[in-house]
Amino acid sequence: MRKHWIDNLRWVTVLLVLFYHVIYFYNNKGVFGGIGGFGPYPEYPQYQDVVMYILYPWFMPLLFLLAGISARYALEKRSGKEWFKARTRKLLVPSTIGLFVFQCMTGYFNTAVAARTGAFDAMPGVARFCLWAVSGTGPLWFIQDLWLFSLILLWVRKLDGKGRFHAWCGRVFGGKSGLVWILLLGVLYWLAEQTLIRNPRPESADGLLNLYKPIFYLVSFLMGYFVFAHDAIQEKLGKAWIPLLVCAVAACVVLVATTFGQNNTTPEYLCSPLNCLYGWLACLAMMAWFRACFNKTSPFAGYMTRTSFGIYIVHYLVIASLGYMMKLYTQLPPWSMYVILTLAVFTLSPAICELLRRIPFVRWAVLGEKK
């Protein structure tokens, strides 16, 4: 039977990513990818930024965990070659060719602030277009990482031979003391986070490595594949959903209460034990909660399951374009910008996705769909 809770948790998390990016776009800490807040930091605290502290520690690791689980199920039904070919179309094509077909528009707005200073006046048109395309990568770093991890997984499966390590994980983490061992995996989660570069050099690729976090997210992906793809482990989590959710909420309260006002995207913040503890508990709690309470589907849930990937692909154009225009060319109060941008990203993103799906070449290049 299809694991509807995985589908539901994935599209709900994608919707949370959309809302997070609305808040992120107007953060007042000068974080890369935003246009800036509505007052100087730290003199003007933006309490709405609490959304970033609540969501950022866990929603991307959770998506990689779910991707690892889904990869295990997919590889039980098809060969590695067939699966990787489909992964290449779905992940690599949109994050490379799609940059020049669609994401270049996002890149235009991502570089618009620098363009207003005349920074690109001497740049030839073709070079400027290529800059827009690369700058439009934005949230697509996620699927670039995921394609690389899919490639690595094929090699890892060969090392595992007949699946003995996968079976061992099922026995250990699905046994009587399995929940304790699952909680202790948080140590591995914390160690993987320590691979961030603490003092990134502005003139190097350190910042990009900290964005892609390949080792940290690879660990999450492989934990999904080897550990959480077992039915017994999922059932064990589902039975403990209430205490796990309570612990995650408590960790969240402590984290926000003690760190609000700090830049929550710095390596020092992300590597802190408290941030990692909350991130790991939140991942477990969300999987447990959805396994216990949302393992069902509906017409709307089915539609979101099919469409959430495309919505994720296109949503940042809505945020970057409309958010930029409202901030620089209107006198709207800040609260109305948040409301308008939230409504726009939740309505226009599905509409754009449906439009692109009906254009043959664009459908393949931007969404990775054949038909």
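For the structure itself, look to the data block above.
For the structure given in this document, a descriptive report is provided here.

1. Considerations on the pattern of salt bridges
Overall, the coordinates contain 10 salt bridges when judged by the stated rule. The shortest N-O distance in the salt bridge between lysine 213 and glutamate 193 comes to 3.2 Å. Here lysine 213, found in the loop between helix H11 (206-212) and helix H12 (214-226), pairs with glutamate 193, found in helix H10 (residues 178-193); they are 20 residues apart in sequence, far enough to count as distant. Lysine 213 sits in the buried class, given a relative accessible area of 5%. Across the salt bridge formed by arginine 357 and glutamate 354, the nearest N and O atoms sit 3.2 Å from each other. Placement of both arginine 357 and glutamate 354 in helix H18 (residues 334-357) is noted, with a separation of 3 residues, approximately one turn of the helix. Overlapping salt bridges bring together Glu354, Arg357, Arg358 and Glu369 as one network.

2. Some points on a nonpolar patch on the surface
Judged by side-chain polarity, Ile97, Phe100, Val101, Phe129, Phe361 and Trp364 come together as a nonpolar surface patch covering roughly 510 Å² of accessible area. A per-element tally of the nonpolar patch places helix H5 (residues 97-110) first, with 3 residues. With respect to the helices and strands, the residue phenylalanine 129 is situated in helix H7 (residues 125-135). When its relative accessible area of 33% is taken as the criterion, phenylalanine 129 is described as partly exposed.

3. Topic: the nonpolar core
In this structure, Trp58, Met60, Phe142, Phe228 and Met287 are the most contacted members of the largest nonpolar core, which totals 118 residues. Among the elements that make up this core, the one with the highest residue count is helix H17 (residues 299-329) (14 residues). Setting aside chain neighbours within four positions, we find methionine 287 in contact with Trp5, Leu9, Leu62, Leu65, Ile69, Phe228 and Leu237.

4. Quick look at helix H14 (residues 241-259)
An ideal rise of 1.5 Å per residue puts 27 Å on 19 residues; H14 measures up with 27 Å between its terminal C-alpha atoms. Of the residues making up H14, those classed as buried are Leu244, Ala248, Ala251, Cys252, Leu255, Val256 and Thr259. Buried positions in H14, seen along its axis, are confined to an arc of 130° and lie on one side of it. Away from the buried face of H14 by more than 90 degrees, exposed residues Val246, Val253, Ala257 and Thr258 are located. Where the residues of H14 are buried, they touch helix H2 (50-55), H10, helix H13 (231-239), helix H15 (267-271) and helix H16 (273-293). Once H14 ends, the next one or two residues include glycine 261, with phi positive near 110°.

5. Here we look at a positive patch on the surface
A surface patch of like charges, here positive, comprises Lys81, Lys85, Lys370 and Lys371. If you trace the backbone, lysine 81 turns up in helix H4 (residues 80-92). Judged by its relative accessible area of 74%, lysine 81 falls in the exposed class.

6. Regarding the side chain of threonine 106
Examined against the element boundaries, threonine 106 turns out to sit in helix H5. Since its relative accessible area comes to 0%, threonine 106 is described here as buried. If we skip the residues at most four places from it in the chain, threonine 106 touches Gly136, Tyr316, Leu317 and Ala320.

Calculation rules
Residues numbered from 1 in each chain as written. Predicted model: local features only at pLDDT ≥ 70, side-chain atom pairs only at ≥ 80, totals over all residues. Heavy atoms only, no water. Salt bridge = Lys/Arg side-chain N within 4 Å of Asp/Glu carboxyl O. Helix = DSSP H or I, 4+ residues; strand = E, 2+ residues; numbered from the N terminus. Buried < 20%, exposed > 50% of the residue type's maximum accessible area, 1.4 Å probe, protein only. Patch = residues over 30% accessible without salt bridge, like charges linked within 9 Å, V, L, I, M, F, W, Y side chains within 5 Å. Areas by Shrake-Rupley, 256 points an atom, 1.4 Å probe, with all protein chains shown as cover. Core = buried A, V, L, I, M, F, W, Y, C linked by side-chain atoms within 4.5 Å. Contact = heavy atoms within 4.5 Å. Expected span 1.5 Å × (residues − 1). Arc of directions from axis to C-beta. Lys, Arg positive; Asp, Glu negative; His and termini not counted. Charge placed at Lys NZ, Arg CZ, Asp CG, Glu CD.

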